[in-house]
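# Geometric and topological summary
Each chain is listed here by its residues.
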Amino acid sequence: ADGKLTLYAPTDAAFKKLGAAAVKQLATDKAAVRRLVRAHLMGDRYLTKKPPEYKGKELLTLAELDGKELPTLAGSSLKVEKAGAVFRVGGAKIE
């Protein structure tokens, strides 16, 4: 991954949807935490927009990736979708 990573971390609301038992398991199961993180971790850098001073081409924005699948470090993929000014990755709204 050359040090270029993007983590789309679940929100507190997403953890609440899991329920108390699942959250408790995550608190005590390092392998489960590792799987969760790798399922939300991309092996490249993706931003909602490029910084104004950025002139390079190797940094992609989510707008440039609309409709594409981003591979995770877990071996799955998450689809990028843009609706107006709202981006979703894997169905989750990016805030």
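Residues numbered from 1 in each chain as written. Predicted model: local features only at pLDDT ≥ 70, side-chain atom pairs only at ≥ 80, totals over all residues. Heavy atoms only, no water.

## Here we look at the nonpolar core
Listed in full, the 10 residues of the largest apolar core are Tyr8, Met42, Tyr46, Leu62, Leu65, Leu70, Leu78, Val80, Phe87 and Val89. Elements supplying a minimum of two residues to this core: strand E6 (77-83) and strand E7 (86-89). In contact with tyrosine 46, other than residues within four places in its own chain, are Thr6, Tyr8, Leu60, Leu62, Leu65 and Leu70. (Core = buried A, V, L, I, M, F, W, Y, C linked by side-chain atoms within 4.5 Å. Buried < 20%, exposed > 50% of the residue type's maximum accessible area, 1.4 Å probe, protein only. Helix = DSSP H or I, 4+ residues; strand = E, 2+ residues; numbered from the N terminus. Contact = heavy atoms within 4.5 Å.)

## Remarks on a positive patch on the surface
A surface patch of positive charge is lined by Lys30, Arg34, Arg35 and Arg38. The topology assignment puts arginine 34 in helix H3 (residues 30-39). (Patch = residues over 30% accessible without salt bridge, like charges linked within 9 Å, V, L, I, M, F, W, Y side chains within 5 Å. Areas by Shrake-Rupley, 256 points an atom, 1.4 Å probe, with all protein chains shown as cover. Salt bridge = Lys/Arg side-chain N within 4 Å of Asp/Glu carboxyl O. Lys, Arg positive; Asp, Glu negative; His and termini not counted. Charge placed at Lys NZ, Arg CZ, Asp CG, Glu CD.)

## A short note on the layout of surface pockets
Computed from the structure, the largest pocket encloses a volume of approximately 460 Å³. If you go around the largest pocket, you meet 18 residues; those closest to its centre are Ala9, Pro10, Thr11, Ala14 and Ala92. Residue assignment for the lining of the largest pocket shows that the elements contributing at least two residues are helix H1 (12-18) and strand E8 (92-93). The element that contributes the greatest number of residues to the lining of the largest pocket is H1, accounting for 5 residues. A per-class count over the lining of the largest pocket returns 12 nonpolar, 3 polar and 3 charged. (1 Å grid on protein atoms, 1.4 Å probe; cavity = no way out; pocket = protein on both sides within 12 Å on 5 of 7 lines; lining within 4 Å. Points joined across faces, edges and corners; volume = space filled by probe spheres on them. Nonpolar A, V, L, I, M, F, W, Y, C, P; charged D, E, K, R; others polar.)

## Notes on the pairing of E6
Side chains on a regular strand alternate between the two faces of the sheet. As defined by bridge partners, strand E5 (residues 69-71) adjoins E6 across 3 bridges and the pair is classed as antiparallel. The residue bridging glutamate 69 from the neighbouring strand is lysine 79, located in E6. Here E5 folds back onto E6 in antiparallel fashion, the turn holding 5 residues, of which glycine 75 has a positive phi close to 95°. Note that E6 and E7 share 4 bridges and pair antiparallel. Each bridged residue has a counterpart across the sheet, and for glutamate 81 the counterpart in E7 is arginine 88. Hairpin connection from E6 to E7: 2 residues lie between these consecutive antiparallel strands, with glycine 84 at a positive phi of about 65°. (Pairing = 2+ DSSP bridges.)

## Focus on a nonpolar patch on the surface
The grouping of Leu7, Val33 and Val37 at the surface amounts to a nonpolar patch, some 210 Å² of accessible area in total. Among the structural elements, leucine 7 can be located in strand E1 (residues 6-7).

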